[in-house]
Every structure is written in structure tokens, then in C-alpha cells.
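Residue-level listing of the chains:
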Amino acid sequence: MLHKNDDISPTGLLAAAPRLTGFRIERLELPKSDPTWRFALAANPASPGFLLQLFAENGVVGSGSVGEIQHLGYRLGDMKGDLEKVLPQVVSTKDGSAVESLVGPSRALVQMALLDLVARSNHVAAHQLLGDLKRESVKVTRILALKSPEEMAKIAVSLVDEGYLNLKVKLDNQDADLDFERVAAIRSSVGPNVGLTVDANQSYSAEGALSISNRIAQFQIEVFEQPVHKDDIVGMKFLRERNPIPIEADEAANSVARVEELIREKAVHGVSIKVPKLGGIDKASLVAKMCSDAGLQVRIGAHVGSRLLSAAALQLAVVIADLVEPAELAEFERLEGDPVTGLVIEGGRLRLPGGYGFGVSVSEGF
Ligand SMILES: [Mg+2]
């Protein structure tokens, strides 16, 4: 039996897991309900990824799901090749080092499925293996794709009408005045009580980010996510020292080593924690602890894909002591055809499901 704070690395989980009898990996392509959804780095009418199921001799199935992250260099084709090589080895030998040869979302996929399997086999929710429960639900944000200020404001109002309390505004610096108009229109449409953050996905220079921040700070923006290029540590540090809006690293915080560097350089106010880019729930948990210890804001970033992915990240979000809400765990709402059910958002909050493992169900016919 694995207990809270035990080793949740692939090696630790494999040691605690029942004997594995097989696996199934399927490509999962979830169409976006708005096919024109785009941000500064990409526009894709669907969200592509994988769903992995691990079968064990006790009859329990552990599941995981991740999407590709093209802008960080993780493409489905490469991931498939790596996973098809490693998974038969993992099943036949329960060899953790085989999983450790994977990186980013591929490693995350296998670690997730193992965590789900071990939790279900022990009749506990996954969060019980991750730490003490701090909350039963998490406030969630919805992301506004790049469109005209009027269109973005209209969508913002409809999301607030659905009960969301927080929104994230995508910016792209094609025209800083247009970005200003986007934020101004959204704030004026939703009123003063909705939390707003912005994300430029690396599209500004440090000077440009400072300039637009000085213009939009009047709209009570809580976080400016990844304003400059992910490798521009100097630019982030420049902003960390003088920007009126706190700076958060997302693409820049794409590994444990990079987060260590950002902390050492005092380059940001916070980090967007995402299970796939960091390579697993164990790594994401470690990064949350590193950020807490360094006094950085700990936020859960966007997990775009199946409900299974958000459910897995939610299990971590509910045990992080100083989590800064909202978490970006509601994007499954804009995808169609998800074979996974069991997550409920109510009043702008994602509720922790009951049940073992990640607490969600993969449909039989999948
Ligand atoms: Mg981001």
C-alpha cells in the first residue's frame, strides 16, 4: 500500500502497482466548439492528444491523457514512437528507468496512468497519495481566444453569465493598441468583480510589455503571463523589478531545471504549473513546493484536453497549501467528443469528484 508522501515517481509507483497485463494507447482528437480559437503561437481547430490505459491483473485500469505541445517541441508523432517503444517494456518488466527515458507530456502520460492505477488498486483518490486535502473545489478561469475587442467582450459576458468568476485574456502584440482595446472592452463589459489575467505567449519585448502593462494596470489585472520570449531571463527579471502587474512564467517554466533557474535569478513573481510540460504530477508537485519555498505564486496553468487531464491536475491542486486561484482547469468545456465524464463546474468552481484514482470515468465504448 502506498501512503501519502510516498514515492510517486514512475519507479515508486511501479513498485507499488499490481502486475501489469497490457496497455492501450489511442489518439484523441477533440474538436474545438469554436474552430477559430487561436492564441499568439498557434491556431488549430482541434486539440490532439493521447489517452493511455494500463491494465493490471487485479482487473483495475489506470488511465492518463495529455495533448501535444507543439510550441514546446512535443509533437504527437514523436511522442507515439517513444511511447510505443517504452510501454511494452514497462508492462513486461515494470522498469521505472524506461519511463524516465521519456520527457515532457510522454513521461507525464505514463506517470499519470500509473498514479491512477495505484490509487484505484488501493481504493483511494489520487490526492490521498499526494498530500493533505486543503480544499474540496478550486476556482477556475476560462481563456478568451484572440478576436476583436467586441467579440472577446461578448464571449466574456456569456462566460460570466454561466457563473465564471475569472477570465484570462490572450494578447498577441500584433498591435499594442488592439491589445489595450481588448482588455478595456472586456473589463468594461464584465464589471469590476471578475478576476482578469492576461497571457501574451512570448509576443512582447520587455520594454513593450512594461508599456502595455502601464496602460492596462488600471483594469486590475492580476497576472501577466509569459510576456517575453521563454529564454529571455533578463527581460523577465527587468519586468519582475518594475512591472505594475506580477509576471508569471509559463513557456519559460518548462522543466524543473528551468524553474530552478527562474527562482535563482529572481526572474518572475510566479509560475504556471502544468503537468504535461513538466513531465508528470510528481514533477509538478515538486515545482509547486520549490515555488512555495521561494515565495513565488503557485498557480495551476491551462490543461487543454480531455477531462481526464484536468481531473489529474485537480487532484494535485486540492493539496497545494498556498495555491493561488484561479486554476486553469476548465478548458475541457470548449472541446467536443471527450470520452471522459465526471467533472462538474458550478459557480465558477471545479468540484473534486468522489471516487478512486482521478475520480472520472472513461466511456466503455472508447
Ligand atoms: Mg500560457
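Here, the structure is the one placed above.
Draft legend 1. Region of the structure containing the pairing of strand S7 (residues 141-144). Here S7 shows a buried face lined by Thr141 and Ile143 and a second buried face lined by Arg142 and Leu144. Here S7 runs beside strand S8 (residues 166-170); their pairing, made up of four bridges, is parallel. Across the sheet, the residue bridging to Ile143 is Lys168, located in S8. Note on the crossover from S7 through helix H5 (residues 149-161) to S8: the handedness is right-handed.

Draft legend 2. Highlighting the sheet that holds strand S9 (residues 195-199). One open sheet accounts for seven strands, arranged S7-S8-S9-S10-S11-S12-S13; its pairing is parallel. In this open sheet, the two strands that pair with only one neighbour each are S7 and strand S13 (297-300). Neighbour to neighbour, the strand axes of the sheet diverge by 30° on average, direction disregarded. Docked against the sheet, helix H6 (residues 176-190) engages S7, S8, S9 and strand S10 (221-225), running at close to 160° with respect to S8.

Draft legend 3. Looking closely at the pattern of salt bridges. The tally for this structure, following the rule as stated, stands at 32 salt bridges. Of the charged contacts in the structure, one is a salt bridge between Arg120 and Asp116, with a shortest N-O distance of 3.0 Å. Placement of the pair is Arg120 and Asp116 together in helix H4 (residues 104-121), with a separation of four residues, close to one helical turn. The buried category is assigned to Asp116, whose relative accessible area is 1%. The salt bridge partner of Arg182 is Asp179, with a shortest N-O separation of 2.8 Å. Taken together, the residues span about one helical turn, with Arg182 and Asp179 both in helix H6 at a distance of three residues. A relative accessible area of 0% places Asp179 in the buried class. Overlapping salt bridges, with partners in common, bring together Lys168, Lys170, Asp199, Glu225, Glu248, Arg299 and Glu328 in one network.

Draft legend 4. Examining the coordination of the magnesium ion more closely. Here the magnesium ion is held by the protein donor atoms Asp199 (OD), Glu225 (OE) and Asp250 (OD), which lie 2.0 to 2.4 Å from it. Within one chain, the residues serving as donors to the magnesium ion are arranged as D-x25-E-x24-D. Placement of Asp199 in strand S9 and of Glu225 in strand S10 is noted, with a sequence separation of 26 residues between them. Grouping residues by exposure puts Asp199 and Glu225 together as buried.

Definitions and limits used
Residues numbered from 1 in each chain as written. Predicted model: local features only at pLDDT ≥ 70, side-chain atom pairs only at ≥ 80, totals over all residues. Heavy atoms only, no water. Buried < 20%, exposed > 50% of the residue type's maximum accessible area, 1.4 Å probe, protein only. Helix = DSSP H or I, 4+ residues; strand = E, 2+ residues; numbered from the N terminus. Pairing = 2+ DSSP bridges. Right-handed = clockwise from strand over helix to strand, strands pointing away. Axes fitted to C-alpha atoms, helices over the stretch in contact; angles between N-to-C directions. Contact = heavy atoms within 4.5 Å. Salt bridge = Lys/Arg side-chain N within 4 Å of Asp/Glu carboxyl O. Donors = N, O, S within 2.8 Å, 3.2 Å for Na, K, Ca; no water.

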